[in-house]
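Letter by letter, the chains look like this.
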Amino acid sequence: MNANACGDHCITCSDEGIPMRVERIDDVRRLALCAAEDGSRSTVEIELVDVAPGDRVLVHAGVALAELSA
Amino acid sequence: MRYVDEFRDPELGRVLATEILAAVEPGRHYKFMEVCGGHTHSIYKYGVDDLLPANVELVHGPGCPVCVIPMGRVDDGIAVAREPGVIFTCFGDMMRVPGSKGSMLEAKAEGADIRMVYSPLDALRIAKQNPDRQVVFFAIGFETTAPSTALTLKRAKAEGVPNFSCMCSHVTIVPPLRALLDSPDLRLDGFVGPGHVSTVVGARPFEFIPADYGKPIVVAGFEPLDILQAIRMILAQLDEGRCEVENQYSRVVPYEGNQRALEVMAEVFELRPHFEWRGLGFISQSGLKLSEAYAELDAELRFSVPGVRVADPKACQCGEVLKGVIKPWECKVFGTACTPERPIGTCMVSSEGACAAYYNYGRFAREREVV
């Protein structure tokens, strides 16, 4: 297995986050569909941030940890 | 690409390199530690150290969560993974970390059901899909991944997922920094502070570094220009006789951190009296375990965990590399017996480990120097 299997990002949750854009929010479950720069989408936990669709967040291990300032 | 391209601009990089050159005193040797493995990876990948004057030395710190996991802890994980009916989940690189009798990847090849997950939430989903199996998540990482584990445990408790549990090996960033600063064999002039850990804890917890030890620290992002600018800012502090916490990464890091993340961590975790770090030994109050309220989800209480302490292999010098006492290539087994394909030490496993980062990128520059 290549340690760099995920491009620039170490697949261990080391100290590297992925900037993503919020596309849709499921407010009941506090989950959001987010898109990365390369267009790949994933479900992200947004319990720890206040965000709306269109906002950019820093995602780490499936959890948005910070909102990226505009 | 926004937030990326502008922080990799070669022209701006050269400007910063010129400013750094102008800021150093020619006769003085500067030794700065980049705490985080993400910085180590970027430094080697982009050749940031090639842009620095010869008298500015970067020392790689202990901030790779895989690299600091001791062998005994890997053995404990494998022991749980081998229990009948268990699905054991962990982050990808953790699977390759050698224990005393092989890695999790080897245990998987021998029949243990060990699966790689990207997020602890994936492990919880596996638990819900397999109600007749026990699903254990092996949690590692600093304060960047701890909130993710904490949220997952909160969900597991709220939703009542009885077959899910967590083997917690989370660590905190401040105690090892204090241990390093107390170490007599390491004399540092300043720190490039960890960026993403600080999104959670903020920059405030690092105030003890200037206050108690008289060293500047600049919290930095992970792009090459972030790191160069942070070095420029440390040099400016030294030049002006200042010594404080500065935040180069303010586009992401609030000075106070993420309060909600800290609250959920405080609810789910409590500090262990001691935790063993690879190469650094036992550091008090540096590791996290599940709090009383979450004890029912603690895999260490649910399963029998051997908890045997295993000494690192004699040939491996991960400890010295993690403390920044030696460079990766100065280790006796670097690149020969120990490679990313067959690592002996943890620093060669994760792409953020100093040895793997150097093996992948830096050794070419060194080969050029040697020739």
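This brings us to the overall build of chain B. Within chain B one finds 14 helices and 13 strands. If you line up chain B on its principal axes, its C-alpha atoms span 65 × 45 × 45 Å. A buried classification covers 53% of the 371 residues belonging to chain B. A fraction of 77% describes how many contacts in chain B between residues 6 or more apart in sequence connect residues 24 or more apart.

Residues and elements named next belong to chain B. Across the sheet, which stays open at both edges, the 4 strands sit in the order 4-3-5-6 with parallel pairing between neighbours. Strand pairing shows two members of the sheet lacking a second neighbour, strand 4 (113–116) and strand 6 (164–170), which therefore form its edges. Between one strand axis and the next, the sheet turns by 20° as a mean value, whatever way the strands run. By the bridge criterion, 7 bridges tie strand 5 (residues 134–141) to strand 6 in an arrangement that is parallel. Looking at strand 6, one finds that Phe-137 is bridged to Cys-166. Sheet strands touched by helix 5 (residues 120–129): strand 3 (86–90), strand 4, strand 5 and strand 6. Its angle to strand 5, the strand with the most contacts, is close to 175°. Helix 6 (residues 146–159) rests against strand 5 and strand 6 of the sheet, and its axis sits at about 160° to strand 6.

With 134 residues, the main nonpolar core has Ala-64 of chain A together with Ile-231 of chain B as its most contacted residues. Counting residues per element, this core draws most heavily on helix 10 (residues 224–240) of chain B, which supplies 9 residues. Sequence-distant contacts of Ala-64 of chain A, defined by excluding residues within four places in its chain, comprise Val-44, Glu-45, Ile-46, Leu-48, Val-49, Val-51, Val-57, Leu-58 and Val-59 of chain A.

This paragraph deals with the environment of Tyr-213 of chain B. Among the secondary structure elements, Tyr-213 of chain B is positioned in helix 9 (residues 208–213). The class of Tyr-213 of chain B is partly exposed, set by 16 C-beta atoms lying within 10 Å.

Mean pLDDT for chain A: 78, with 76% of residues reaching 70 or above. Considering only residues more than four positions removed or in separate chains, one finds that residues 1–15 of chain A, a stretch of pLDDT under 50, has 51 contacts.

Now for unusual backbone geometry. Among all residues except glycine, the phi angle is most often negative; among peptide bonds, the trans geometry is most common. All names here are of chain A. Backbone geometry at Arg-30 places phi at a positive 55°, although glycine is not the residue there. Within the fold, Arg-30 resides in the loop between strand 1 (18–26) and strand 2 (31–36). With phi around 50°, Ala-61 is a residue other than glycine that occupies positive phi space. Residue position: Ala-61 is located in the loop between strand 4 (56–60) and strand 5 (63–67).

This paragraph deals with the environment of Asp-9 of chain B. With respect to the helices, strands and loops of the structure, Asp-9 of chain B is situated in the segment before helix 1 (10–23). For the pair Asp-9 of chain B and Pro-53 of chain B, spaced 44 residues apart in sequence, the C-alpha separation works out to 19 Å.

Residue and element names in this part refer to chain A. Judged from the 6 bridges that link them, strand 1 and strand 2 form a sheet pairing that is antiparallel. Looking at strand 2, one finds that Asp-26 is bridged to Leu-31. Connecting strand 1 to the antiparallel partner strand 2 that follows it, the hairpin turn spans 4 residues, and Arg-30 within it adopts a positive phi of roughly 55°. Both strand 2 and strand 3 (residues 41–45) contribute to a ladder of 5 bridges, which runs antiparallel. Residue pairing for strand 3: Leu-33 is matched across the bridge by Thr-43. A loop of 4 residues connects strand 2 with strand 3, the two strands running antiparallel in sequence, and Gly-39 in this loop sits at a positive phi of about 90°.

Definitions and cut-offs
- Residues numbered from 1 in each chain as written.
- Chains lettered and ligands numbered in written order.
- Predicted model: local features only at pLDDT ≥ 70, side-chain atom pairs only at ≥ 80, totals over all residues.
- Helix = DSSP H or I, 4+ residues; strand = E, 2+ residues; numbered from the N terminus.
- Buried ≥ 20, exposed ≤ 12 C-beta atoms within 10 Å, placed from the backbone.
- Contact = placed C-beta atoms within 7 Å.
- Pairing = 2+ DSSP bridges.
- Axes fitted to C-alpha atoms, helices over the stretch in contact; angles between N-to-C directions.
- Core = buried A, V, L, I, M, F, W, Y, C linked by C-beta atoms within 7 Å.
- pLDDT = per-residue confidence, 0-100.

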